[in-house]
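What follows is each chain in one-letter form.
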Amino acid sequence: MVGASHPVPPGPVLPPSSVAAASPVVPSPRRPTENVGGSASERVRWWYESVLGWPTAPGEPVRLRTGVRFDVLDVPVGAGYATLERLGRAERAGRAERAGSDGSDGAGSPAPGFPVAVQGGRMLLLVAAGAAEELPGLLEWLEWGSLPLDLTAVGAGGLVDAPPAPEPGPAGLPPRPPERDGLRGAAVWLRPPEPGCEVGSPLPALSVPGRAGTALDLARLVHTLATQCHRVRLAASGPPRARPVARVG
């Protein structure tokens, strides 16, 4: 099968102009946090603009502008969950291997914890700004360009629905969003962004030769997503499973 077993090298060597967009962007000035009122949508807009420094578009519902602070990869939710599970297993295995080799507990290497949202059967994965422009060439380089994949990107000039701000409370969210929200059309955070760390958050980006970092390599993420999207497509187009036939006595 083309692409599914293709090994992913450390990342393509690209000219500096191809990775400049992945650099952190200085956030917009923050507005005072006291006396935040207004409607629910106004409070949501305030959270994104003043707490995270993410630009929003005028009007209702609140929508986030892509291509400024981040781009979005849009995939079927089944392929997205499979990708996150695969990346999580690989990260845990890597930590265990490092712990065994140097005697540490392996906790020094962060998991690939970039923000992820779910909306109406789709998963939206936030990646570094500029990644949408690189996606077609990256798929070609990974030998996925000739196959129809339900994998798209939203970049400069695009908009995505803003999920409600996560409620304050214990760290961590349920592994899947409530069915009344994420699976019925309204966007919800599966893995929300962290206020105060938005500039340095390691969004997946193309690796830069000679630069060490904690961000998940975009080539690795895209290859894994493409593999899982292809599997979802094959499963959907394959013959239905045989069902037992009840005998009539």
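Residues numbered from 1 in each chain as written. Predicted model: local features only at pLDDT ≥ 70, side-chain atom pairs only at ≥ 80, totals over all residues. Heavy atoms only, no water.

Secondary structure summary: the chain contains 5 helices and 8 strands in total. Buried residues in the chain amount to 39% of all 249 residues. Across the chain, the fraction of contacts at a sequence separation of at least 24, relative to all contacts at a separation of at least 6, is 73%. Carbon and sulfur atoms form 56% of the exposed surface of the chain, whose accessible area is close to 14,100 Å². (Helix = DSSP H or I, 4+ residues; strand = E, 2+ residues; numbered from the N terminus. Buried < 20%, exposed > 50% of the residue type's maximum accessible area, 1.4 Å probe, protein only. Contact = heavy atoms within 4.5 Å. Areas by Shrake-Rupley, 256 points an atom, 1.4 Å probe, with all protein chains shown as cover.)

Moving on: the pattern of salt bridges. All told, the structure shown has 3 salt bridges when counted by the stated rule. The closest approach of N and O atoms between Asp161 and Arg63, which form a salt bridge, is 3.0 Å. Here Asp161 is found in strand β7 (residues 159-161), whereas its partner Arg63 is found in strand β2 (residues 63-65), with 98 residues between them in sequence. The partly exposed category is assigned to Arg63, whose relative accessible area is 31%. (Salt bridge = Lys/Arg side-chain N within 4 Å of Asp/Glu carboxyl O.)

Reading across from one edge, β6-β3-β5-β4-β8 is the order of the 5 strands in this open sheet, with antiparallel pairing throughout. Sheet topology places β6 (152-154) and β8 (188-191) at the edges, where each strand pairs with a single neighbour. On average, adjacent strands in this sheet sit at an angle of 30° to one another, irrespective of strand direction. Looking at chain direction, strand β4 (residues 116-119) and strand β5 (residues 122-127) are connected through 4 bridges and run antiparallel. Residue pairing across strands places Gln119 opposite Arg122, the latter belonging to β5. (Pairing = 2+ DSSP bridges. Axes fitted to C-alpha atoms, helices over the stretch in contact; angles between N-to-C directions.)

This part is about the nonpolar core. One finds Tyr48, Leu73, Met123, Leu125, Leu151, Leu221 and Val222 to be the most contacted residues of the largest nonpolar core, which totals 51 residues. Counting residues per element, the ones that place at least two in this core are α2 (40-52), β3 (71-76), α3 (77-102), β4, β5, α4 (131-141), β8 and α5 (218-237). Examining the composition of this core, we find that 7 residues originate from one element, α5, more than from any other. Ignoring anything within four residues of it in the chain, the contact list for Leu151 reads Asp74, Val75, Leu135, Leu139, Val222, Leu225, Ala226 and Cys229. (Core = buried A, V, L, I, M, F, W, Y, C linked by side-chain atoms within 4.5 Å.)

Turning to the confidence of the model for the chain, a few remarks are in order. Residue-level pLDDT values for the chain average 76, and 61% of them are 70 or greater. Note on residues 105-111: pLDDT is under 50 here. Beyond four places in sequence and across chains, it has 11 contacts. Note that pLDDT drops below 50 for residues 169-183; the model gives that stretch 24 contacts with residues more than four away or on any other chain. (pLDDT = per-residue confidence, 0-100.)

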